[in-house]
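# Structure assessment
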Amino acid sequence: MKSVSTEPMGFRPQGTDDLVGQPARVAEALLRKARRLRQSPTSNLRVLLYGPPGVGKTTIAELVARELTDGQSICVEEANGKMVCAETVRLWMASLAHAGNLFGDWSVVLVNEVDRASRDAQDLLLSYLDKMPAGRAFLATSNLDLSALTDRFQSRFQAIRLEAPTTDEIAGFLRDRWRIAADVAARIAVGSGGNVRAALLDLQTFLDAGEPAPKPAKNHNRNGDRRHARRSRV
Ligand SMILES: Nc1ncnc2c1ncn2[C@@H]1O[C@H](COP(=O)(O)OP(=O)(O)OP(=O)(O)O)[C@@H](O)[C@H]1O
Ligand SMILES: [Mg+2]
């Protein structure tokens, strides 16, 4: 069981209520669809979430994977595109021969930064996506615009662009969750440039500089790894 944390750096959205801005609305729609498909796996699911960094692409892909598999993490394979080579995709293709799996109806492959997969892997992925039966999901994320992916590749996905939350949305989110002063929240939000991860890092720096412990409005789960170290702009 994960411990509960009030630290901004440890904040991991557990559902749509934890997300801010347009990504929250995208998540709502996708999770609704995932719930429907879980009950009746009549088709496969191929979704590409793309857009600027730190707006919730990976988070939403993971929430959808969790919804589809009813929380059975063993049914979800997560990889970074950089590590995906032709051999990886061949193994995925071989696994398509088995209907369902021992643990549930859905199997999910989630690839972050799919644009970083080798060209050979992307080519093979075309056949993989074409052959995916019902009950299989391929969820991908990318920081790049769609034009960076081959036409053939992008046309096999339902491609959804995530927009950065507005400055007001981020400021409101920080104020509601951590009860910080409005001027501090506004300053952090402006400095974040729409990157929520960056805003949380700056808030952490601000709080670490000696503010009293934050009082969250809700409980948040902790999962402490960070990928980017940034200089505070607060
Ligand atoms: N829309 C959002 N609402 C609330 N928190 C968010 C949102 N987007 C990002 N975060 C916070 O930032 C963290 C990182 O988000 P995530 O990894 O999903 O972003 P990303 O879009 O995949 O970024 P990248 O392009 O760098 O991979 C989340 O764990 C969460 O703490
Ligand atoms: Mg990501």
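Residues numbered from 1 in each chain as written. Chains lettered and ligands numbered in written order. Predicted model: local features only at pLDDT ≥ 70, side-chain atom pairs only at ≥ 80, totals over all residues.

A separate point is the site of ligand 1. Neighbouring ligand 1 are 20 residues; Gly-56, Lys-57, Thr-58, Thr-59 and Arg-197 lie closest to it. Put simply, the parts of the chain that give the shell around ligand 1 at least two residues each are α2 (57-68) and α8 (196-208). Both domain 1 (1-12 + 166-234) and domain 2 (22-161) contribute no fewer than three residues apiece to the shell around ligand 1. (Near = placed C-beta within 6 Å. Helix = DSSP H or I, 4+ residues; strand = E, 2+ residues; numbered from the N terminus. Domains from an automatic or database assignment.)

Packing of helix α3 (residues 86-95) against helix α4 (residues 119-131) brings their axes to within 8 Å, and their N-to-C directions diverge by 10 degrees. Taken as axis vectors, α3 and α4 run roughly parallel relative to one another. Along the contact surface, α3 presents Ala-86, Thr-88, Val-89, Arg-90, Trp-92 and Met-93, while α4 presents Asp-120, Ala-121, Leu-124, Leu-125, Ser-127, Tyr-128 and Lys-131. Across the contact of α3 with α4, the residue classes tally to eight nonpolar, two polar and three charged. (Axes fitted to C-alpha atoms, helices over the stretch in contact; angles between N-to-C directions. Parallel < 35°, antiparallel > 145°, perpendicular 65-115°, else oblique. Contact = placed C-beta atoms within 7 Å. Nonpolar A, V, L, I, M, F, W, Y, C, P; charged D, E, K, R; others polar.)

Moving on to α2. The terminal C-alpha atoms of α2 lie 17 Å apart, and with 12 residues this matches the ideal 16 Å at 1.5 Å per residue to within 8%. Burial of α2 is extensive: 10 of the 12 residues sit out of reach of the surface. Those residues of α2 that fall on the buried side of the exposure criterion are Lys-57, Thr-59, Ile-60, Ala-61, Glu-62, Leu-63, Val-64, Ala-65, Glu-67 and Leu-68. Here the buried face of α2 lies against α1 (22-39), β1 (45-50), β2 (76-80), β3 (107-112) and β4 (136-142). A positive phi of about 55 degrees marks Asp-70, the residue just after α2. (Expected span 1.5 Å × (residues − 1). Buried ≥ 20, exposed ≤ 12 C-beta atoms within 10 Å, placed from the backbone.)

What follows is about the nonpolar core. Counting 62 residues, the largest nonpolar core has Val-64, Val-108, Leu-139, Leu-174 and Ala-199 as its most contacted members. Looking at which domains feed residues into this core, each of domain 1 (1-12 + 166-234) and domain 2 (22-161) supplies at least three. Dropping the residues within four chain positions of it, Leu-174 is found in contact with Ile-180, Ala-185, Ile-188, Ala-189, Ala-199 and Leu-203. (Core = buried A, V, L, I, M, F, W, Y, C linked by C-beta atoms within 7 Å.)

Residues with a pLDDT of 70 or more make up 85% of the protein chain, whose mean pLDDT is 87. Counted against residues more than four places away or in other chains, residues 219-234, with its pLDDT under 50, gives 32 contacts. (pLDDT = per-residue confidence, 0-100.)

Now for the sheet that holds β2. Backbone hydrogen bonds are what pair the strands of a sheet, in a parallel or an antiparallel way. Across the sheet, which stays open at both edges, the five strands sit in the order β2-β3-β4-β1-β5 with parallel pairing between neighbours. Across the chains shown, the open sheet's two edge strands, defined by having one partner strand only, are β2 and β5 (158-161). Across the sheet, the mean angle from the axis of one strand to that of its neighbour is 15 degrees, orientation sign disregarded. The pairing of β2 with β3 spans five bridges and is classified as parallel. Within β3, the position partnered with Glu-78 by the bridge is Leu-110. (Pairing = 2+ DSSP bridges.)

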